[in-house]
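Descriptive analysis of the structure
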Amino acid sequence: MLTLRADILFCALILCLPALSQTESPKSPSSQAAHHKQQASAAGEGVLNGAYRNPAFGFTYKVPFGWEDRTQDMQQSSDEGTSKVLLAIFQRPPETRGEEINAAVVIASESASSYRGLKTAADYFGPLQELTIAKGFKVIRQPYVFSLGAKALVRGDFSKPRGNLTMYQSSLVILEKGTIVSFTFIAGSEDEVNGLIENLSFGVGKRAR
């Protein structure tokens, strides 16, 4: 069962689509959840000085300047008992009009016990690919080992046509301490996706570049 992933991916895809066909006017500041600021907790997790740090899983993500933080919004869709949206950021507010794919980064954790028979990070791509294909994506590359410094993750790449545009998605997954941590990157080109991935580093003691 892929309940959290379904909620996260569906919300992320909707928020990333170009707003060309939208006729609604942007919501007023009083009615929209704009620029949620995650403050670092006592345990050191959260956004501080432009970077999200997670000591529990040992990674840092440098947040691109000016991006919209919708973490709290997407956390409302998750089951906090077994899952958590750690970070959900977008290149621009979803309410604004645009002619390009709204790039996004969504990082989430889930209990591995939610998936029967899941023993490795690669196993997670079975249900993930099923869901992604059901949403109209095609597989560009089957899951493969992807290294970030000394850290080995499993990566899968997807794409979906949107009129004259193409949406690209890459998902990176690790399995640690009985928990799946997934990193989903969405943008309008493979180069943009790779650029977003470059902001991810492991070893929270290091300053984000």
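Everything numeric in this text was worked out from a predicted model, so none of it was measured. (Residues numbered from 1 in each chain as written. Predicted model: local features only at pLDDT ≥ 70, side-chain atom pairs only at ≥ 80, totals over all residues. Heavy atoms only, no water.)

1. Details of the pairing of strand 8 (residues 151-162)
Examined bridge by bridge, strand 7 (residues 138-148) and strand 8 share 8 bridges and lie antiparallel to one another. By the bridge assignment, F146 is partnered in strand 8 with L153. Two successive antiparallel strands, strand 7 and strand 8, enclose a turn made up of 2 residues, where G149 displays a positive phi of approximately 65 degrees. One ladder, built from 9 bridges, connects strand 8 with strand 9 (residues 165-176); its direction is antiparallel. (Pairing = 2+ DSSP bridges. Helix = DSSP H or I, 4+ residues; strand = E, 2+ residues; numbered from the N terminus.)

2. With respect to the pairing of strand 6 (residues 104-111)
Most of strand 6 sits inside the fold, with 8 of its 8 residues counted as buried. Alternating positions in strand 6 separate into two faces, A104, V106, A108 and E110 on one and V105, I107, S109 and S111 on the other, with burial throughout. Bridge count for strand 5 (residues 83-90) against strand 6 is 7 bridges, and the pairing is antiparallel. In the strand pairing of strand 6, A88 is matched with V106. (Buried < 20%, exposed > 50% of the residue type's maximum accessible area, 1.4 Å probe, protein only.)

3. Side note on the sheet that holds strand 10 (residues 179-187)
Sheets are built from strands that pair by backbone hydrogen bonding, the pairs being arranged parallel or antiparallel. Pairing within the open sheet is antiparallel, and its 7 strands lie in the order 4-5-6-10-9-8-7. Each end of this open sheet is capped by a strand with a single partner; those strands are strand 4 (68-69) and strand 7. With 2 bridges joining them, strand 4 and strand 5 adopt antiparallel strand pairing. Within strand 5, the position partnered with E68 by the bridge is F90.

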